[in-house]
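# Secondary and tertiary structure notes
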Amino acid sequence: MNKPDDNKLMERCIKGDRQAFETLLIRYEKPVYNAAYRMLHNRDDARDVTQTVFLKVYENLDQFDPSRRFFSWVYRITLNESINWLKKSSREEALEHEAADKTSGPEQQADDAKTGESVQAALMMIKSEYREVIVLKHVLGCSYVEISEVLDIPEKKVKSRLYTARQLLQERLTDQGLH
Amino acid sequence: MAIDPKHVELINADIDGEISSADRIELEALLADNSDVQALHAELSALSESLDSLPDLDSPPHLKHTILASISQLQQSQGNNGSSSFLQGLFGAPALKYAATFAAGAILTLSLISSDRASQRAFDDVTDLVGTISDPVPGGPGVHMTQINRKEIAGTVTLRSSGPILIVDFDLVSSGPVDIVASYSDQTIWFNGFAQLESSGASISAQSGRVTMQIDGKRRYAVFLHNAGDRDITINLLFMSNGEAIYSTDIEYAQPGHAG
């Protein structure tokens, strides 16, 4: 991840530069949407969370810490908003059932396997704190250091959380005979 | 299968591409003669590949515009507080630019509308309003706003009064062609003009009690209605895509003292 000019864009944005804001929006719209989708497994919710994320970015421009990198700020907001969304709509438990239902039949399993939905379904069965490290690593392509920065936890903890997340995912997939 | 946690860490670091040269040598030695390590490495590699190959989804095509429209609305609701200066610069549109497109819009309207009450005099009336909608619509008394947040279309529609003229301000973005039918039952109120901001090629038609227009992409339209008696009015907005109604809402104007 090499976006050295994000923070410069933020500086310009704070000064009212429309183009700078739109550049950041264009640059991060898709990764934010994808991260939200992988956290929520629902396109409409991902769209709404993406919208909320950029509204929060705007509302809190003056609170941005220039000593941190922009991506870590916007990804942190994305994960927080996604988790808040799940809590608010009480969907976490429903999603687990939904995910379990989705992989219940062999035909559904075959269809899902083609689209990666079986992995996504398993992802929805693990706790948010594990799902978010998987999303940061495999969807957003963050390094250990970058994940550490986003989540504000030590790198050692990032590694252990990632290992545990994979172990849990593997167990879910094995339970379903998918891996 | 009990594997030393240190070896598990090496396997994960290798999969993540974050293994040091020294650790790689150690892992290769383990992989050469430890079947448990081999099995776990293969298992986690396959999982990692599955995760890496999750499809990269395209965000909805109009999401960016929806976000910008939402921020504009936020600006409107914030009125003149401290942060509005930022957005004034960010999203405010120059009145002169609007004036130019207003003229084009008026010409366009003259060529396309079929109104039983529209006249050149009517367009002269609304010419005075040039620039009025170029500024973000402030909130407060006399301004009635409805927010639309659908997959097919999103943004705001604002209704306000300027003397005898009612201005219906459509600040919307659609993911495809959407027809908007604005209808009102009070036959004493008549279509008085149309303008568009930073766009061209709009189609609009006006009949007694009804104005129909089409939106495709991000558009800012203003429909002017003549309301000489400053009468209360309810306008029904019907949004249609591919001939089917996708959303309907009412927006109301009440003269000062009548509201609430």
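Our subject is the structure listed above.
Okay, so let's go over this structure. In this text, all values refer to a predicted model and were calculated from it rather than measured experimentally.

Conventions used here
Residues numbered from 1 in each chain as written. Chains lettered and ligands numbered in written order. Predicted model: local features only at pLDDT ≥ 70, side-chain atom pairs only at ≥ 80, totals over all residues. Helix = DSSP H or I, 4+ residues; strand = E, 2+ residues; numbered from the N terminus. Buried ≥ 20, exposed ≤ 12 C-beta atoms within 10 Å, placed from the backbone. Contact = placed C-beta atoms within 7 Å. Pairing = 2+ DSSP bridges. Axes fitted to C-alpha atoms, helices over the stretch in contact; angles between N-to-C directions. Parallel < 35°, antiparallel > 145°, perpendicular 65-115°, else oblique. Nonpolar A, V, L, I, M, F, W, Y, C, P; charged D, E, K, R; others polar. Expected span 1.5 Å × (residues − 1). Core = buried A, V, L, I, M, F, W, Y, C linked by C-beta atoms within 7 Å.

## Quick word on the overall build of chain B
Within chain B one finds seven helices and 10 strands. In chain B, which comprises 260 residues, the proportion classed as buried is 32%. Put simply, 69% of the contacts in chain B that link residues at least 6 apart link residues at least 24 apart.

## Observations regarding the overall build of chain A
The helix and strand tally for chain A stands at 10 helices and zero strands. For chain A, the sequential pattern of α-helices and β-strands runs α-α-α-α-α-α-α-α-α-α. Across the 179 residues of chain A, 42% fall into the buried class. Taking the contacts inside chain A whose residues are at least 6 apart along the sequence as the reference set, 62% of them involve residues at least 24 apart.

## Comments concerning the sheet that holds strand β9 (residues 233–241) of chain B
Residues and elements named next belong to chain B. Pairing in this open sheet of five strands is antiparallel, and the strands run β6-β7-β4-β9-β10 from one edge to the other. Two strands close off the open sheet at either side, each with one partner strand: β6 (204–207) and β10 (244–253). Recorded for the sheet is a direction-independent mean angle of 15 degrees between the axes of neighbouring strands. Both β6 and strand β7 (residues 210–215) contribute to a ladder of four bridges, which runs antiparallel. Bridging from a neighbouring strand, Ser205 pairs with Thr212 of β7.

## Focus: the packing of helix α10 (residues 155–175) of chain A against helix α1 (residues 5–15) of chain B
In the contact formed by α10 of chain A and α1 of chain B, the axes pass within 11 Å of each other and the chain directions differ by 90 degrees. Taken as axis vectors, α10 of chain A and α1 of chain B run roughly perpendicular relative to one another. Judged by residue contacts, Lys159, Leu162 and Tyr163 of chain A of α10 of chain A engage Val8, Glu9 and Asn12 of chain B from α1 of chain B. In the contact of α10 of chain A with α1 of chain B, the residues fall into three nonpolar, one polar and two charged.

## Quick word on the sheet that holds strand β5 (residues 190–197) of chain B
Residues and elements named next belong to chain B. Strand order in the open sheet formed by five strands is β1-β2-β3-β8-β5, with antiparallel pairing between adjacent strands. The open sheet is flanked by β1 (143–149) and β5, the only strands paired with a single partner. For this sheet, the mean inter-axis angle between neighbouring strands, taken without regard to orientation, is 15 degrees. Relative to strand β3 (residues 165–174), strand β2 (residues 153–162) is paired through 10 bridges, and the arrangement is antiparallel.

## Quick look at helix α3 (residues 35–52) of chain B
For an α-helix the count is 3.6 residues per turn, leaving residues at separations of three or four pointing the same way. Across its 18 residues, α3 of chain B extends 25 Å between first and last C-alpha, which sits within 8% of the 26 Å expected from 1.5 Å per residue. All buried positions along α3 of chain B are accounted for by Val37, His41, Leu44, Leu47, Ser50 and Leu51 of chain B. Taken together, the buried residues of α3 of chain B touch α7 (117–123), α8 (128–139) and α10 of chain A together with α1 and α2 (21–33) of chain B.

## Remarks on the pairing of β1 of chain B
Note on strand geometry: in a regular strand, side chains alternate between the two faces of the sheet. For β1 of chain B and β2 of chain B, the ladder comprises seven bridges, and the chain directions are antiparallel. When the bridges of β2 of chain B are listed, Gln147 of chain B appears paired with Thr156 of chain B.

## Considerations on unusual backbone geometry
The residue Asp152 of chain A is not glycine, and still its phi comes out positive at about 55 degrees. Along the polypeptide, Asp152 of chain A turns up in the loop between α9 (144–151) and α10. Assessed through the 9 C-beta atoms surrounding it within 10 Å, Asp152 of chain A is described here as exposed. The residue Asn242 of chain B is not glycine, and still its phi comes out positive at about 50 degrees. Looking at where Asn242 of chain B falls in the secondary structure, it is placed in the loop between β9 and β10.

## Considering the nonpolar core
Ala36 and Val74 of chain A together with Val168 and Val223 of chain B are the most contacted members of the largest nonpolar core, which totals 96 residues. In terms of residues, this core owes the most to one element, helix α2 (residues 18–40) of chain A, which gives 12 residues. Here Val74 of chain A is in contact with Tyr28, Val32, Val53 and Val57 of chain A, once residues within four sequence places are set aside.

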